[in-house]
Amino acid sequence: MTKPIFVTQPSLPPLEDLIPYLEQIWENKVLTNGGPFHKQLEQALCDYLGVPFISLFSNGTIALITALKALNITGEVITTPYSFVATAHSLLWNNIKPVFVDIDTDTLNLDPRKIEAAITPQTTAIMPVHCYGRPCDVDAIQKIADIYNLKVIYDAAHAFGVKCHCGSVLNHGDLSVLSFHATKVFNTFEGGAIVCPDAKTKQHIDHLKNFGFVDEVTVVTPGINGKMSELNAAFGLLQLKHVDAALARRNEIDLAYREGLKDVKGIVCLNGDARDSTNHSYFPILVQHDYPLSRDALHQKLKDQNIYARRYFYPLILEFQMYRSMPSAHRDNLPVASRAAEQVLCLPIYPALSNEDLQRIVEMICEVR
Ligand code: T4K
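What you are looking at is a predicted structure, and each value in this text was computed from that prediction instead of being measured. (Residues numbered from 1 in each chain as written. Predicted model: local features only at pLDDT ≥ 70, side-chain atom pairs only at ≥ 80, totals over all residues. Heavy atoms only, no water.)

Visitor: How should the sheet that holds strand 13 (residues 267-269) be read in this particular structure?
Guide: Sheet strands pair via backbone hydrogen bonds, and the direction of the pair is either parallel or antiparallel. Reading across from one edge, 13-14-16 is the order of the three strands in this open sheet, with antiparallel pairing throughout. Every other strand in the sheet has two partners, leaving strand 13 and strand 16 (344-347) as the edge strands with one partner each. Between one strand and the next, the sheet's axes are offset by a mean angle of 35°, whatever the strand orientation. Bridge count for strand 13 against strand 14 (residues 283-287) is three bridges, and the pairing is antiparallel. Considered in strand 14, the bridge of Ile 267 is made with Val 287. Helix 9 (residues 295-304) rests against strand 13, strand 14 and strand 16 of the sheet, and its axis sits at about 25° to strand 16. With respect to the sheet, helix 11 (residues 335-343) is in contact with strand 14 and strand 16, its orientation differing from that of strand 16 by roughly 50°. (Pairing = 2+ DSSP bridges. Helix = DSSP H or I, 4+ residues; strand = E, 2+ residues; numbered from the N terminus. Axes fitted to C-alpha atoms, helices over the stretch in contact; angles between N-to-C directions. Contact = heavy atoms within 4.5 Å.)

Take a look at the structure:
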């Protein structure tokens, strides 16, 4: 049997390049609490991503939970059912009721045309996701938010480095939240960040992630511990040196899949025309009814060959017991998300994926007739 191929594999820099960073940590004995590498990574990410302020976190989920706290979000929040559970869980952790609204057929992102009908007097915010790193319709969402005086918090876990018509997509909404988990295009093992529009917001969030401490004797808010350690931050600085090469290789893989699969009846590569404004963090295909195998059968066929594609996002969040009984979780309400959850298969994409393995995957999909 050939070696397993997973949906992703973290990019790692040469191990010896990490040693000088470790030596520096061992030398200065600052392991966490906003040390020098933490500060450097915040600045380096602002420069790289083209955003004004960043607050680093221990992971994306704590960052989402904190972002909601930072804006005092309460009541109901409109969000997408087509995401990783952390999106909706962050709302429950804040005692907020998620209100699921269907997604757009082309982008699989929250459909702005369906948001207004879900707004009630309790609605305080919208939490869309740039799913698979493809930008939401940020202008349409902001327009609705402005009319109804709602906050917008983007779950931008997939959207590292993604640009839209006016620069970084991370500058839209009130806050954007990134994940630097091992499975993401830019990883710090575990990690995350909140992109903040101004220094005051960043300061508030910095307090929230450090128990509410302002100084040794002053606690201004019931904060959490969401800090990124120096080890993760140092690793992030090193990763940043390699991220352009990683993104370029992902782009090549994306193109090769599209070329290889373009004539396969029943296989649709998502959003061909949005290629330029993504980071190729995932390669989702839709396995439609005119393909000879069902999505699940294709998933299994690949698995039998040691290729572990993933059905992100199946089951839908609303299938989990803590969401199932919510009125907005009714499947009739969410036909596009329901269909996507049944058709999407995310194929392996990561910089170290070889051309040979890629071609093998393409051939396996093509040979089914
Ligand atoms: N919002 C959205 C929209 C998200 O997608 C996520 C996370 C979050 C919020 C929360 O951010 P974090 O709190 O995680 O920072 C994975 C990730 O664990 C999760 O971070 C990610 N989304 C989600 C989409 O995918 P699983 O259950 O698929 O992980 P796992 O362990 O099955 O990993 C997938 C494959 O990756 C493995 O088969 C092998 C490979 N892998 C994984 C890890 C962890 C490695 O090669 N090395 C590794 O260290 O959830």
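Still more to cover.
Visitor: Help me out: how do you make sense of unusual backbone geometry in this one?
Guide: Residues apart from glycine generally show negative phi values, whereas peptide bonds are mostly found in trans. Following Tyr 312, the chain continues into Phe 313 via a peptide bond in cis, with omega recorded as 10°. Examined against the element boundaries, Phe 313 turns out to sit in the loop between strand 15 (307-308) and helix 10 (321-324). Positive phi, close to 70°, is recorded for Asn 306, a residue that is not glycine. Looking at the secondary structure, you find Asn 306 in the loop between helix 9 and strand 15. Relative accessible area serves as the criterion here: at 11%, Asn 306 is assigned to the buried category. (Buried < 20%, exposed > 50% of the residue type's maximum accessible area, 1.4 Å probe, protein only.)

Visitor: For this particular structure, what's the right way to read the site of the ligand?
Guide: Residues in close proximity to the ligand total 26 residues, the closest being Thr 61, Asp 155, His 158, Ser 179 and Tyr 312. Between Ser 179 and the ligand, the recorded distance is 2.7 Å, taken from a side-chain N or O atom to an oxygen atom. Contact with the protein chains covers 75% of the free accessible surface of the ligand, which is 910 Å². Of all the cavities here, the one that holds the ligand is the largest pocket. Element by element, the count of residues in the shell around the ligand is highest for helix 3 (residues 60-70), at three residues. The class makeup of the residues in the shell around the ligand is 11 nonpolar, 12 polar and three charged. (Near = heavy atom within 4 Å. Polar contact = N/O pair within 3.5 Å; in protein donor to acceptor, adjacent residues only side chain to side chain. Areas by Shrake-Rupley, 256 points an atom, 1.4 Å probe, with all protein chains shown as cover. 1 Å grid on protein atoms, 1.4 Å probe; cavity = no way out; pocket = protein on both sides within 12 Å on 5 of 7 lines; lining within 4 Å. Sits in = over half its atoms within 2 Å of the grid points. Nonpolar A, V, L, I, M, F, W, Y, C, P; charged D, E, K, R; others polar.)

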